[in-house]
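Residue strings, one per chain:
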Amino acid sequence: MPSMQFKPIHTVVLALGIAAGATAVGWSDAARYVLPAAHAQTQSVTVPSAPLVTGLPDFTQLVDAVGPAVVNIRTTEKISNQPSMSGMDEDMLEFFRRFGVPVPNIPRQGSPQPEGEGEERPSGVGSGFILSSDGYVMTNAHVVEGASDVIVTLADKREFKAKIIGADKRTDVAVVKIDAKGLPAVKIGDVGRLKVGEWVMAIGSPFGLENSVTAGIVSAKQRDTGDYLPFIQTDVAINPGNSGGPLLNMRGEVVGINSQIYSRSGGFMGISFAIPIDEAVRVSDQLRKTGKVTRGRIGVQIGQVTKEVAESIGLGKVRGALVSAVEPDSPAAKAGIEPGDIIVKYDGKDIDKVADLPRQVGNTKPGTKSTITVFRRGQTRDLSIMVAEVEPDEVATARADGKPASGATATAKQLGLVVGELTEAQKKSLAIKGGVRVLSATEAAARAGLREGDVVLAVANSEVTNVKGFEAALAKADKSKPVNLLVRRGDWTQYILIRPNGK
């Protein structure tokens, strides 16, 4: 069976299908539960009745009001006419490329084109909506990606060649501009007021069929499918060509941009995702001003906090983002953030789950002084940090030197560990103040996932600077419970729970 996939809506080619709607059922006002007759005089229980559903909503006024502000977007790309190495027709080559079949050596049909000359070829169809009367249009970044020309068709059939103002791949938002005035523009809604179960409507160009209207309800909010976007999930029928079109509430306001579908086949299967309009507007404002998006960064790699880890270190409920690595000379390093810290607040706002941190930091203007609250060895502390700017393809540069540890060793029989001292060079390479290096891991330690070369930074919430400190911390640990170790492996730091007796 094909695997479940997220797909940008415009990339899939399918046969056109018809989606069926659903009816709603409500309780009668007279719904009541009556006890047996023997107790009827003394007891009765009334079941609260739900509001009576009298009919489905009428979307005709919304279509009339918002339809003129929705556009169709066609893109073309320039294709080289240089002869193919295989001498094969381009359509056949595309078939082999799409299905991963090796290209055979078949002579090309027809007369060859002059080398070096290019031709325009349609590359995609999508949707968009007019942000302002002077011609700014919002759509998805994947709709205009790689396009040599972007053609915008209005509801009144006028066509304009558009200029790409900017596109942001991380949020899949793009802004294009057409040379026109006095255009009908959409109204921007408040995503915070959007409720699960609320009726919503989409207008777009599925399969190139312009001005198509579909409707459904909000299935869920805050769906995490990316670092920077908490998506709106709906059951509105969305298909290839709907990309970039508006998701509208019953007040005729745009609350999202239709962007993805969740599918086994590539077509609509009842689950669609829209970019929240507040996130999209934040991005579009920057694109219109500078043509690009700047985001904040602090220079940490983070991971999820599990329930077991939260309980073992005294954090309580599962929350925050576990710092796995800190980049050398980064804002986080200068602020004193350490691997193993759990970031629980950013500028006073709770970090309930891992995805909250990159979104909040990313939305911070570079150069801003912020406050980060970390949980470290049983206590919380506030650290001041100067937010830097995200650069493309940044990676942490901290690396273990791979040299064998030197110095004294000690056998931790309870855990199946043999550890040794770290050299000053190793500490400097890993950008840490102390710790012990694992020389061998057997029995309970091996079962927990520890291995030679790991560096233990803390035992049971007690910081470890050397072998002596490791033994002292281990002696104080409660042997009746799993022992938590803060372990560094390469660039990554994580908590590992060791159960000495298999508990």
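Above this note sits the structure.
Residues numbered from 1 in each chain as written. Predicted model: local features only at pLDDT ≥ 70, side-chain atom pairs only at ≥ 80, totals over all residues. Heavy atoms only, no water.

Some remarks on the nonpolar core
Then comes step 1: Grouped together as the largest cluster of nonpolar side chains are 38 residues, with contacts concentrated most on F129, M138, I257 and I277.
Then comes step 2: Ignoring any residue separated from it by four or fewer positions in sequence, one finds I277 in contact with F129, M138, I188, G189, V191, V254, V255, G256 and I257.
Then comes step 3: Core analysis: the next-biggest nonpolar cluster, separate from the first, contains 21 residues, L415, V438, V467 and I498 among them. (Core = buried A, V, L, I, M, F, W, Y, C linked by side-chain atoms within 4.5 Å. Buried < 20%, exposed > 50% of the residue type's maximum accessible area, 1.4 Å probe, protein only. Contact = heavy atoms within 4.5 Å.)

Concerning helix 10 (residues 467–476)
Helical periodicity: at 3.6 residues per turn, an α-helix aligns residues three or four positions apart in one direction.
Then comes step 1: Taken residue by residue, helix 10 has V467, F470, A473 and L474 as its buried positions. Buried positions in helix 10, seen along its axis, are confined to an arc of 125° and lie on one side of it. Residues of helix 10 that are exposed and point over 90 degrees away from its buried face: K468, A475 and K476. (Helix = DSSP H or I, 4+ residues; strand = E, 2+ residues; numbered from the N terminus. Arc of directions from axis to C-beta.)

Concerning unusual backbone geometry
Then comes step 1: Although it is not a glycine, D329 sits at a positive phi angle of roughly 60°.
Then comes step 2: Tracing the backbone through its elements, the reader meets D329 in the loop between strand 17 (321–326) and helix 6 (331–335).
Then comes step 3: Relative accessible area serves as the criterion here: at 68%, D329 is assigned to the exposed category.
Then comes step 4: The phi angle at A460 is positive, at roughly 50°, despite the residue not being glycine.
Then comes step 5: Mapped onto the elements, A460 comes out in the loop between strand 26 (455–459) and strand 27 (462–463).

Some remarks on empty space enclosed by the protein
Then comes step 1: The full count for this structure, using the stated rule, is two cavities of 30 Å³ or more.
Then comes step 2: Of the voids in this model, the largest cavity is the one considered here, and its volume is about 80 Å³.
Then comes step 3: Forming the walls of the largest cavity are eleven residues, and the residues nearest its centre are T171, R282, V283, R295 and N363.
Then comes step 4: Counting residues per element, the lining of the largest cavity draws most heavily on helix 4 (residues 277–290), which supplies four residues.
Then comes step 5: Across the lining of the largest cavity, the residue classes tally to three nonpolar, five polar and three charged.
Then comes step 6: Of the volumes computed, that of the second largest cavity is approximately 60 Å³. (1 Å grid on protein atoms, 1.4 Å probe; cavity = no way out; pocket = protein on both sides within 12 Å on 5 of 7 lines; lining within 4 Å. Points joined across faces, edges and corners; volume = space filled by probe spheres on them. Nonpolar A, V, L, I, M, F, W, Y, C, P; charged D, E, K, R; others polar.)

A closer look at the pattern of salt bridges
Then comes step 1: Going through the model one piece at a time under the given rule, you end up with 16 salt bridges.
Then comes step 2: Residue E159 pairs with R74 through a salt bridge whose shortest N-O separation is 3.0 Å. On the criterion of sequence distance, the pair formed by E159 in strand 6 (residues 159–168) and R74 in strand 2 (residues 70–80) is long-range, its members being 85 residues apart.
Then comes step 3: Two residues, R282 and E279, come together in a salt bridge whose shortest N-O distance is 3.1 Å. Here R282 pairs with E279, and both are found in helix 4, just three residues apart, close to one helical turn.
Then comes step 4: A residue is classified by how much of its surface remains accessible, and R282, at 35% relative accessible area, is partly exposed.
Then comes step 5: One salt-bridge network, held together by shared partners, links E338, D341, R376, R377, K433 and E463. (Salt bridge = Lys/Arg side-chain N within 4 Å of Asp/Glu carboxyl O.)

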